[in-house]
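The lines below spell out each chain.
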Amino acid sequence: MKVNRLVIIFAATLLIVLGIGSYLLASGKLTSELPFQTAIKNTEVQSDSDQISDIEDDLNKTDVEGVDEELDNIQAEIDSSK
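This structure is a prediction, so every number in the text was calculated from the model and none was measured. (Residues numbered from 1 in each chain as written. Predicted model: local features only at pLDDT ≥ 70, side-chain atom pairs only at ≥ 80, totals over all residues. Heavy atoms only, no water.)

Novice: Mind laying out the overall build of the protein, listing which residues take part and the relevant values?
Specialist: For the protein, the helix and strand inventory stands at 4 helices and 0 strands. In the protein, the succession of α and β elements from N to C terminus is α-α-α-α. Looking at the protein as shown, the accessible area adds up to about 7500 Å², and 60% of this sits on carbon and sulfur atoms. (Helix = DSSP H or I, 4+ residues; strand = E, 2+ residues; numbered from the N terminus. Areas by Shrake-Rupley, 256 points an atom, 1.4 Å probe, with all protein chains shown as cover.)

Novice: I'd like a rundown of a nonpolar patch on the surface, residues and numbers included.
Specialist: Residues Phe10, Leu14 and Leu18 make up a contiguous nonpolar surface patch of about 330 Å² in total accessible area. Residue position: leucine 14 is located in helix 1 (residues 2-27). (Patch = residues over 30% accessible without salt bridge, like charges linked within 9 Å, V, L, I, M, F, W, Y side chains within 5 Å. Salt bridge = Lys/Arg side-chain N within 4 Å of Asp/Glu carboxyl O.)

Novice: Lay out helix 1 with the relevant residues and their values.
Specialist: Taking 1.5 Å as the rise per residue, helix 1 with 26 residues should run 38 Å; its terminal C-alpha atoms sit 38 Å apart, in good agreement. Among the 26 residues that make up helix 1, 0 are buried, leaving the element largely open to the surroundings. Remark: glycine 28 follows helix 1 within two positions and exhibits a positive phi of approximately 80 degrees. (Expected span 1.5 Å × (residues − 1). Buried < 20%, exposed > 50% of the residue type's maximum accessible area, 1.4 Å probe, protein only.)

Novice: Provide a residue-level description of a negative patch on the surface, including the pertinent values.
Specialist: Together, Asp63, Glu65, Asp68, Glu69 and Asp72 make up a region of like negative charge exposed at the surface. Looking at the secondary structure, you find aspartate 68 in the loop between helix 3 (52-61) and helix 4 (69-80). Overall, the relative accessible area of 45% leaves aspartate 68 in the partly exposed class. (Lys, Arg positive; Asp, Glu negative; His and termini not counted. Charge placed at Lys NZ, Arg CZ, Asp CG, Glu CD.)

Novice: Tell me about the side chain of aspartate 58, residues and numbers included.
Specialist: Counting through the fold element by element, aspartate 58 comes out in helix 3. Accessibility expressed as a relative area gives 17% for aspartate 58, which makes it buried.

In short, shape yes, function no, at least from these values alone.
What follows is the structure, given as structure tokens:
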């Protein structure tokens, strides 16, 4: 009897912890957006106008500096694990 009760309590606790964890992951509260993801999202925002001045404004607002910085970090991690 005691073993069954312990198994049920353990299973219920595990389900609660997994439920809370999945909620936090799904809501984005557990993870934060990386800087390169923000930069990529900013490049996707453009005006609907096809006027040259508006296109130039979109190009000037686009900041791609450091977008490849994360790739360099990933490559360094790969190289260090070899």
